[in-house]
Amino acid sequence: MAPDGEQTAGGGDALDHRLLSLLAHLREHPVEMVDPPAFLFARIEAELRITTVSVTSPVVTSLDAAREARDARRTRSRPATWLAAAAALVVLGGVGGIATVQRDDPGSVVLASAQLHPVVAAGNEGQHNRFRGEEPPKAYAPAGEGFAQLIGDGGKRTLAIATKHLPDIPAGYKIEVWATDDAATTYHDLGPLPVATAEDATTTLDLPAGVDLTRSPVIELTLEELGSSSLPSSTKLLRGELP
Amino acid sequence: MRAPHIVMPALLLERPIRGVKPPVVMRDDAGGDTEADDEDARLARSFAAGDERALEEAYERHGRLVHTLAARTVGTDRAADVTQETFIAAWRSRSNFDPTRSLRAWLLGIARFKAIDATRVVARTPIPSGEDGPEPVVAAEVDRVGEQLLVADALGELPERTRHLIELAFFGDLTHQQISDQQGIPLGTVKSDIRRGLQRLRRHLASYQREGDGDGSRR
């Protein structure tokens, strides 16, 4: 394989030849890279943290830790990195995270999870517009992404929500989490996200009694005026369906 | 760039590569560090030191490469699991990582093991007793794909001009003199740019090949 007139082949030459061969291959076969799925890093973070936490304490405690971390973030200056947000994502995990939770603490189990995708604005107008006469916030281009996970712990159920890259939320508004059905006939108010800006957020919401997520499996995040009534506005940000 | 004509890799190796004589131009001792080298070194150091922001940055910079190897070897359905396992194993065994080496290649080396493991599970291939080395055929295939992706990825991260010059030399099949004339760049600059670029690719490749020999990074 050694080219004519080259020096005696050593390890370095073999490497040079390999590199040239790879460049030649690349010339004929351009490589297309494949993006990992959204939120894979959150899963990685979650698994690393679950394992760390559960070495000395059960996962249920880490749920409390997540709340404490969230509350702490509200009061001190916000470390607005995604990693900081993910720090509260203790129980958010994909396949790996689920396995870890089940192994370490049989009492706390991920029952279902769903990606939340931006809602296209064209479908937003309609029966739930509730901005009575007020100028609604300017139309939002679909943006951001989210992740919802239903966690069961004994008889208690919690919905963990993580969001990323949401549009800016104007003063006087908040993001509310709802559960509804495919036809959007009934809306259950699950609570607000602890976020006032476009920062990445995570939260865990206790599911109210009487909310049946098998009948209302669609999780929706909407923009709401502070102090508004218990119906969702027409400004829908993210939506996803629990399996 | 004119239409490329087909050149078999073997033929490309059999002749002097248009002014690029590998043993002469790719020695490690030539050329200074580029900014990109500094960036790589900084990230490698903070990863080894256990800085959590470095984990996220490593994922942002190299997650696509790892995931592409996974997708190409175990299929898209299971690629996310392999990518996840790779970064988790990398973080937990970061004390095994030598920050003077290529983090990109080290991560890809771990992904290689994870992909081989995943393939073996799917195939239900029995693990030979007494050793848990990968199946030779599967390992060779994963290695091959890994090297191709590594070089493509590292090439894409070279400084714009360097990458362009290497592409003209290797994909456009131009001599250094032709590139110099065509681009209006002094011949010496063309040569040194290409040399430095190839050195960087070579360094990543060398690191990756060492990973394949096994160094305790397997989890």
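Provided above is the structure to which this section pertains.
In what follows, the accompanying structure is described. (Residues numbered from 1 in each chain as written. Chains lettered and ligands numbered in written order. Predicted model: local features only at pLDDT ≥ 70, side-chain atom pairs only at ≥ 80, totals over all residues. Heavy atoms only, no water.)

**Some thoughts on the pattern of salt bridges**
Note that side chains of opposite charge can pair when their charged atoms are close.
All names here are of chain B.
Piece 1. Going through the model one piece at a time under the given rule, you end up with 23 salt bridges over all chains.
Piece 2. Note that Arg-161 is salt-bridged to Asp-193, the shortest N-O span being 2.9 Å. Of the two residues, Arg-161 is situated in helix 8 (residues 160-170) and Asp-193 in helix 10 (residues 187-212); the sequence distance between them amounts to 32 residues.
Piece 3. The residue Glu-167 makes a salt bridge to Arg-163 at a minimum N-O spacing of 3.8 Å. With Glu-167 and Arg-163 both in helix 8 and 4 residues apart, the pair spans about one turn of that helix.
Piece 4. Several salt bridges converge on common partners, so that one network encompasses Glu-39, Asp-40, Arg-42, Glu-57, Arg-61, Arg-104, Asp-153, Glu-157 and Arg-200. (Salt bridge = Lys/Arg side-chain N within 4 Å of Asp/Glu carboxyl O. Helix = DSSP H or I, 4+ residues; strand = E, 2+ residues; numbered from the N terminus.)

**A word on unusual backbone geometry**
All names here are of chain A.
Piece 1. The backbone of Phe-39 shows a phi angle near 75°, a positive value even though the residue is not glycine.
Piece 2. Along the chain, Phe-39 turns up in the loop between helix 1 (11-28) and helix 2 (40-54).
Piece 3. Residue Phe-39 is classed as buried on the basis of its relative accessible area of 8%.
Piece 4. Despite not being glycine, Ala-184 has its phi angle at roughly 55°, a positive value.
Piece 5. Topologically, Ala-184 is positioned in the loop between strand 4 (173-180) and strand 5 (188-192). (Buried < 20%, exposed > 50% of the residue type's maximum accessible area, 1.4 Å probe, protein only.)

**Considering the packing of helix 4 (residues 52-74) of chain B against helix 5 (residues 76-92) of chain B**
Residues and elements named next belong to chain B.
Piece 1. At a minimum axis separation of 8 Å, helix 4 and helix 5 run at an interaxial angle of 140°. Judged by the sense of rotation from one axis to the other, the crossing of helix 4 with helix 5 is right-handed. Side by side, helix 4 and helix 5 meet where Glu-52, Leu-55, Ala-58, Tyr-59, His-62, Gly-63, Val-66, His-67, Ala-70, Ala-71 and Val-74 of the first sit next to Thr-76, Arg-78, Ala-79, Ala-80, Val-82, Thr-83, Thr-86, Phe-87 and Trp-91 of the second.
Piece 2. Tallied by class, residues from the contact of helix 4 with helix 5 come to 12 nonpolar, 6 polar and 2 charged. (Axes fitted to C-alpha atoms, helices over the stretch in contact; angles between N-to-C directions. Left-handed = near helix turned anticlockwise from the far one by under 90°. Contact = heavy atoms within 4.5 Å. Nonpolar A, V, L, I, M, F, W, Y, C, P; charged D, E, K, R; others polar.)

**Quick look at the pairing of strand 4 of chain A**
Residue and element names in this part refer to chain A.
Piece 1. Of all 8 residues in strand 4, 7 are buried, a share of seventy percent or more.
Piece 2. Alignment of strand 4 against strand 7 (residues 218-225), held across 8 bridges, turns out to be antiparallel. Across the sheet, Lys-174 pairs through a bridge with Glu-224, a residue of strand 7.
Piece 3. Pairing of strand 4 with strand 5, which is carried by 4 bridges, proceeds in the antiparallel orientation. Bridging across to strand 5, Glu-176 finds its partner in Pro-192. (Pairing = 2+ DSSP bridges.)

**Concerning the packing of aromatic side chains**
Residue and element names in this part refer to chain B.
Piece 1. For the structure shown, the criterion picks out 8 aromatic pairs over all chains.
Piece 2. Aromatic side chains Phe-47 and Trp-91 sit 5.4 Å apart centroid to centroid with 85° between the ring planes, which places their arrangement in the edge-to-face category. You can see Phe-47 sitting in helix 3 (residues 35-48) and its partner Trp-91 sitting in helix 5, a full 44 residues away along the chain. Exposure class is identical for Phe-47 and Trp-91. Each is buried. (Phe/Tyr/Trp six-rings, centres within 6.5 Å; stacked < 30°, edge-to-face > 60°.)

**Side note on the packing of helix 8 of chain B against helix 9 (residues 176-183) of chain B**
Between two packed helices, both the angle of their axes relative to each other and the distance between the axes serve to describe the pair.
Residue and element names in this part refer to chain B.
Piece 1. Contact pair helix 8 / helix 9: the axes reach a minimum separation of 10 Å and the direction vectors enclose 130°. Here helix 9 runs oblique to helix 8, going by the angle between their axes. Crossing of helix 8 over helix 9 shows right-handed handedness. Facing helix 8, whose interface residues are His-164, Leu-165, Leu-168 and Ala-169, helix 9 presents Ile-179, Gln-182 and Gln-183.
Piece 2. Residues belonging to the contact of helix 8 with helix 9 are distributed by class as follows: 4 nonpolar, 3 polar and no charged. (Parallel < 35°, antiparallel > 145°, perpendicular 65-115°, else oblique.)

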